[in-house]
Amino acid sequence: MIGARILSRRTHLNVTQEALYLAAGVDRRTLQNLESGQLGNPTLSTLMRIAAALDTPLAELLG
């Protein structure tokens, strides 16, 4: 699940949700819903911004 990989990477880097959604330029609720599995179909643009903010290849988040 993409959300679980985002959460895992974020916590591994010791980044807060707030820091990530601000750095990625995504809505707070979007990030929360992604990590909790409530948003199962995020846009590619959203995923690319999150991957860049986490300094992680998009492919790693996609699994």
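The coordinates are above.
Residues numbered from 1 in each chain as written. Predicted model: local features only at pLDDT ≥ 70, side-chain atom pairs only at ≥ 80, totals over all residues. Heavy atoms only, no water.

Looking at this structure, how should I read the side chain of Thr 56?
In this structure, Thr 56 sits in the loop between α4 (44-53) and α5 (58-62). Here Thr 56 falls in the buried class, since its relative accessible area comes to 7%. A distance of 2.9 Å separates the side chain of Thr 56 from the backbone oxygen of Leu 54, its partner in a polar contact. If near-sequence neighbours (up to four positions away) are discounted, Thr 56 is found in contact with Arg 9, Ala 51 and Leu 61. (Helix = DSSP H or I, 4+ residues; strand = E, 2+ residues; numbered from the N terminus. Buried < 20%, exposed > 50% of the residue type's maximum accessible area, 1.4 Å probe, protein only. Polar contact = N/O pair within 3.5 Å; in protein donor to acceptor, adjacent residues only side chain to side chain. Contact = heavy atoms within 4.5 Å.)

Any chance you could explain the nonpolar core here in plain terms?
Nonpolar side chains tend toward joint burial in soluble globular proteins. Ile 6, Leu 20, Val 26, Leu 31, Ile 50, Leu 54 and Leu 61 are the most contacted members of the largest nonpolar core, which totals 13 residues. Contributions of two or more residues to this core are made by α1 (2-12), α2 (17-24), α3 (28-36) and α4. In this structure, Leu 20 is in contact with Ile 6, Arg 10, Val 15, Leu 31, Ile 50, Ala 53 and Leu 54, ignoring residues within four places of it in sequence. (Core = buried A, V, L, I, M, F, W, Y, C linked by side-chain atoms within 4.5 Å.)

How should α4 be read in this particular structure?
Each turn of an α-helix holds 3.6 residues, which means side chains three or four residues apart point in the same direction. All buried positions along α4 are accounted for by Thr 46, Leu 47, Ile 50 and Ala 51. Down the axis of α4, the buried set is contained in an arc of 130 degrees. They therefore lie on one face. Across α4 from its buried face, at more than 90 degrees, point the exposed residues Leu 44 and Ala 52. Here the buried face of α4 lies against α1, α2, α3 and α5. Positioned one or two residues after α4, Asp 55 has a phi angle of 50 degrees, which is positive. (Arc of directions from axis to C-beta.)

So what exactly am I meant to see when it comes to the pattern of salt bridges here?
Pairs may arise between side chains of opposite charge once their charged atoms sit close together. Considering all chains together, one arrives at 1 salt bridge under this definition. Two residues, Glu 35 and Arg 10, come together in a salt bridge whose shortest N-O distance is 2.7 Å. Taken together, the positions of Glu 35 in helix α3 and Arg 10 in helix α1 put the pair 25 residues apart, joining distant regions of the chain. Overall, the relative accessible area of 9% leaves Glu 35 in the buried class. (Salt bridge = Lys/Arg side-chain N within 4 Å of Asp/Glu carboxyl O.)

Even after reading the chapter, I still don't get unusual backbone geometry, so can you show me in this structure?
In this structure, Asn 14 takes a positive phi of about 60 degrees despite not being glycine. The backbone of Asp 55 shows a phi angle near 50 degrees, a positive value even though the residue is not glycine. Residue classification places Asp 55 among the exposed positions, given a relative accessible area of 67%.

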